[in-house]
Amino acid sequence: MIIDSHAHLKHGDAAHTEYLPQQIIATMDAAGIDKAVVFGICTTPERAIEMARAAAELFPARLIPYAYGLPSYTGDVLRMVERAVREYGFKGIKIHAGECTLSDYVSDPIFALAGDLGVPCLVDCCGNCAAMERPAAKFPKTRIIVAHLGLYLATDVRVIDSFIAMAERHANVLLDVSGVVQTWKIREAVRRIGSPRIVWGTDGPHPCPDTATFARDELSKVRALGLAPADEEAVLGGSIARLLGI
Ligand SMILES: [Zn+2]
């Protein structure tokens, strides 16, 4: 089963582009993707949860909703996220350091809640390995999925190396390989921390050249690595399926 563990109903690009669940499903069908984790960012947690809830209600067998764990002035985000997980069946929490800090006094309540609820946090930490390692060490019960091997489109392999080494130190850390251009580092990550802690995602939909081609290319990147079949199966879906209990 091929599972995209990172797809946006609303992106963090300059235009804050939104995609309808139908567009995500059409892209998945064109690329041969069975299921996708979906969430929104760059909006309030209320709206992001509503978008993901509506998407998963439309396509319950295909789309897996994550709640957006953004501290909010307009409501109690902890209660919103807890309700999303307990009542609406959300499977994880998205955190983006581009929209909030990972400082203890801001983000720790979400990391603690995720551990209590038994759902993972998918975190874009914008390349700040020390900021990511702090909650990883403090909340060993909380599974943390580090997006993009640490930094979106990182070209400096030393940055990626620091995140692979961090994952070696913390068994609760997984690495998401979306938005990775040094793709050979994915193979190294599999070798060093094991495929059960490596998850594939598209970080799509992405319109260039078109959403289906982009998704297919992201799949091809992993298939071109020459991983052992069991490792490839794990990275492309098995690992996230086990993590989320699906
Ligand atoms: Zn993303």
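Described in the following lines is the structure provided in the data block.

Parameters at a glance
- Residues numbered from 1 in each chain as written.
- Predicted model: local features only at pLDDT ≥ 70, side-chain atom pairs only at ≥ 80, totals over all residues.
- Heavy atoms only, no water.
- Pairing = 2+ DSSP bridges.
- Helix = DSSP H or I, 4+ residues; strand = E, 2+ residues; numbered from the N terminus.
- Donors = N, O, S within 2.8 Å, 3.2 Å for Na, K, Ca; no water.
- Buried < 20%, exposed > 50% of the residue type's maximum accessible area, 1.4 Å probe, protein only.
- Salt bridge = Lys/Arg side-chain N within 4 Å of Asp/Glu carboxyl O.

Observations concerning the sheet that holds strand β5 (residues 121-124)
As summarised here, the arrangement of the 8 strands in space is β1-β2-β3-β4-β5-β6-β7-β8, forming an open sheet in which the pairing is parallel. Looking at strand neighbours, the two that pair on one side only are β1 (3-10) and β8 (198-199), the edges of this open sheet. Alignment of β5 against strand β6 (residues 144-146), held across 3 bridges, turns out to be parallel. Opposite C121, over in β6, you have I144 as the bridge partner.

Regarding the coordination of the zinc ion
With distances of 2.1 Å, the protein atoms coordinating the zinc ion are H6 (NE2), H8 (NE2) and D203 (OD). Each donor residue of the zinc ion belongs to the same chain, and together they define the spacing H-x1-H-x194-D. Of this pair, H8 sits in strand β1 while D203 is found in the loop between β8 and α8 (211-223), placing the two residues 195 residues apart along the sequence. With a relative accessible area of 4%, H8 lands in the buried category. For D203, a relative accessible area of 11% translates into the label buried.

A word on the pattern of salt bridges
Counted by the stated rule, this structure contains 18 salt bridges. Among the salt bridges present, the one from R83 reaches E87, with a minimum N-O distance of 3.1 Å. According to the relative accessible area criterion, R83 is partly exposed, its value standing at 43%. Across the pair K185 and E188 runs a salt bridge, and its minimum N-O distance is 2.8 Å. Remark: E188 and K185 occur in helix α7 (residues 184-193); sequence separation between them is 3 residues, near one turn of the helix. A single burial state applies to K185 and to E188, both of which are buried. Residues participating in the shared-partner salt-bridge network are D161, E168, K185, E188 and R192.

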